[in-house]
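Given next are the chains, with one letter for each unit.
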Amino acid sequence: MRNTFYNMLLIATTTVFVGCISINKPPDNSNTDIANKDSVIKMLPLESTEIQLPKLNVAYAQSFKGFINNKIEVKGWIHTYENAIFGELKYTQGSSPIRLAGTIENYRFFRMMEFEQSGNVTGILTGDIHEDGLSGSWFSPLTRKSFDFDFKPLNEKPKLNVPIIDGIEGEYKYQFSKDGSTGNMEVSINKDATYKLSFNNHTGAPSYNQAYLDIANSKIDKTGNLQYSKVGGEYNLDCKLSIQFYEGFAIVTYENEQPKCGFGHNAKVSGVYLKI
């Protein structure tokens, strides 16, 4: 098991993922406008031997089972795509599966959030994918407690699709417990097929410093990405954002290392947002 999983992970850095995924050229309609429903990027389910991606990027999928703090048993699956990682986590003594979404670097190092449907984050998993599965640290934003986790790979294949870019408009949110930092992003579509985005974010207690931002009449490309830049002006701003939409969540990142967006101290619009 260990050698097989390790070999699969190494092959994931190429354009073919053995046993789960192979990468094909983009479909013929990949150059059409995202606003046209016929141009929505559709994916084959993982039960199939092939998955069509909008461009040549590595995708990786794995089911797992393991423990948090050596005693809390969980089971779930993850899927990576570009710099995103997402999936589900099911506590054996819990009820419904919990949505996972986050970011990953170098196809290995990840930070995932456990999301309630309201956008509240109940846990943060930080760790890496390696030959024995997934391991790292689980943190509770509510109790501020941290525990190690260790998840072992299963032979089962996750039966889910690669993210589908469809119906981007709506409300996106994250909240790190009642008194923690909060992000709200509203997305609406205009008559000319451009989009309007409004951010209303704040840091946690006791300061609650704010980050407001409106982005009007912007285009989202066929991969679900929006680029925003505002430089100079009265306040000498240097604010550059990349907003990437996936099925059910979005990732907002700064494109410059020391952004100046005119927000309150430590307030930001970057983060992983769940569509609610």
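Every value quoted in this text rests on a predicted model; they were computed, and no experiment measured them. (Residues numbered from 1 in each chain as written. Predicted model: local features only at pLDDT ≥ 70, side-chain atom pairs only at ≥ 80, totals over all residues. Heavy atoms only, no water.)

### Side note on the side chain of Ser135
Stage number 1. Counting through the fold element by element, Ser135 comes out in strand 9 (residues 133–139).
Stage number 2. When residues no more than four places from it in sequence are discounted, the contact partners of Ser135 are Thr126, Gly127, Asp128, His130, Phe149 and Asp150. (Helix = DSSP H or I, 4+ residues; strand = E, 2+ residues; numbered from the N terminus. Contact = heavy atoms within 4.5 Å.)

### Re the pattern of salt bridges
Stage number 1. Scanning all chains against the criterion turns up four salt bridges.
Stage number 2. Across the pair Asp150 and Lys152 runs a salt bridge whose closest N-O atoms are separated by 3.4 Å. (Salt bridge = Lys/Arg side-chain N within 4 Å of Asp/Glu carboxyl O.)

### What about the state of the cysteines?
Stage number 1. Considering all chains together, one arrives at one disulfide under this definition.
Stage number 2. Two residues, Cys239 and Cys261, share a disulfide whose sulfurs are 2.0 Å apart. Of note, the bridge from Cys239 to Cys261 carries an S-S torsion of about 90° and is right-handed in sense. Taken together, the residues Cys239 in strand 16 (residues 237–246) and Cys261 in the loop between strand 17 (249–254) and strand 18 (271–275) connect sequence positions 22 residues apart. Like Cys239, the residue Cys261 is buried in the burial classification. (Disulfide = S-S within 2.5 Å. Buried < 20%, exposed > 50% of the residue type's maximum accessible area, 1.4 Å probe, protein only.)

### Some words on the nonpolar core
The nonpolar side chains of a soluble globular protein tend to be buried with one another.
Stage number 1. Membership of the largest hydrophobic core comes to 40 residues, with the highest contact counts inside it found for Met185, Leu197, Phe199, Ile243 and Phe245.
Stage number 2. The biggest single contributor to this core is strand 16, with five residues.
Stage number 3. Setting aside anything within four residues of it in sequence, one finds Leu197 in contact with Met185, Glu186, Val187, Leu213, Asp214, Ile215, Leu226, Ile243 and Phe245.
Stage number 4. Residues Val74, Ile78, Leu89 and Leu100 belong to the second largest nonpolar core, which totals 19 residues. (Core = buried A, V, L, I, M, F, W, Y, C linked by side-chain atoms within 4.5 Å.)

### A word on the environment of Ile215
Stage number 1. Counting through the fold element by element, Ile215 comes out in strand 14 (residues 210–218).
Stage number 2. Given a relative accessible area of 2%, Ile215 falls into the buried group.
Stage number 3. Along the chain, Ile215 and Ser229 lie 14 residues apart, while their C-alpha atoms are 9.7 Å from each other.
Stage number 4. With residues near it in sequence (within four places) discarded, Ile215 still touches Tyr195, Lys196, Leu197, Phe199, Leu226, Tyr228 and Ile243.

### Let's talk about unusual backbone geometry
Stage number 1. For the bond running from Ala205 to Pro206, omega is 0°, close enough to zero to count as cis.
Stage number 2. Mapped onto the elements of the fold, Pro206 is located in the loop between strand 13 (195–202) and strand 14.
Stage number 3. Backbone geometry places Asn106, a non-glycine residue, at a positive phi of 55°.
Stage number 4. Relative to the elements of secondary structure, Asn106 occurs in the loop between strand 6 (98–105) and strand 7 (109–115).
Stage number 5. Positive phi is not limited to glycine here, since Tyr208 has a value of about 50°.
Stage number 6. The residue Tyr208 is located in the loop between strand 13 and strand 14 in this model.
Stage number 7. Tyr208 sits in the partly exposed class, given a relative accessible area of 36%.

### Some remarks on the confidence of the model for the protein
Reading predicted coordinates in detail is not appropriate for stretches of low pLDDT.
Stage number 1. Confidence in the prediction for the protein averages 80 pLDDT; 76% of positions are at 70 or higher.
Stage number 2. Segment residues 1–57 is flagged for pLDDT under 50; beyond a separation of four residues in sequence, or across chains, it makes 119 contacts in the model. (pLDDT = per-residue confidence, 0-100.)

### Quick look at the sheet that holds strand 13
Stage number 1. Strand order in the open sheet formed by eight strands is 14-13-12-11-18-17-16-15, with antiparallel pairing between adjacent strands. In this open sheet, the two edge strands, each paired with only one partner strand, are strand 14 and strand 15 (225–232). Pairs of neighbouring strands in the sheet enclose a mean axial angle of 20°, with direction left out of account. (Pairing = 2+ DSSP bridges. Axes fitted to C-alpha atoms, helices over the stretch in contact; angles between N-to-C directions.)

### Comments concerning the environment of Tyr273
Stage number 1. Structurally, the position occupied by Tyr273 is in strand 18.
Stage number 2. The class of Tyr273 is buried, set by a relative accessible area of 0%.
Stage number 3. For the pair Tyr273 and Glu171, spaced 102 residues apart in the sequence, the C-alpha separation amounts to 9.2 Å.
Stage number 4. Each residue touching Tyr273, except ones within four places of it in the same chain, is listed here: Tyr172, Lys173, Tyr174, Gly183, Asn184, Met185, Phe199, Asn201, Gly248, Phe249, Ala250 and Val252.
Stage number 5. Side-chain polar atoms of Tyr273 contact the side chain of Asn201, separated by 2.9 Å. (Polar contact = N/O pair within 3.5 Å; in protein donor to acceptor, adjacent residues only side chain to side chain.)

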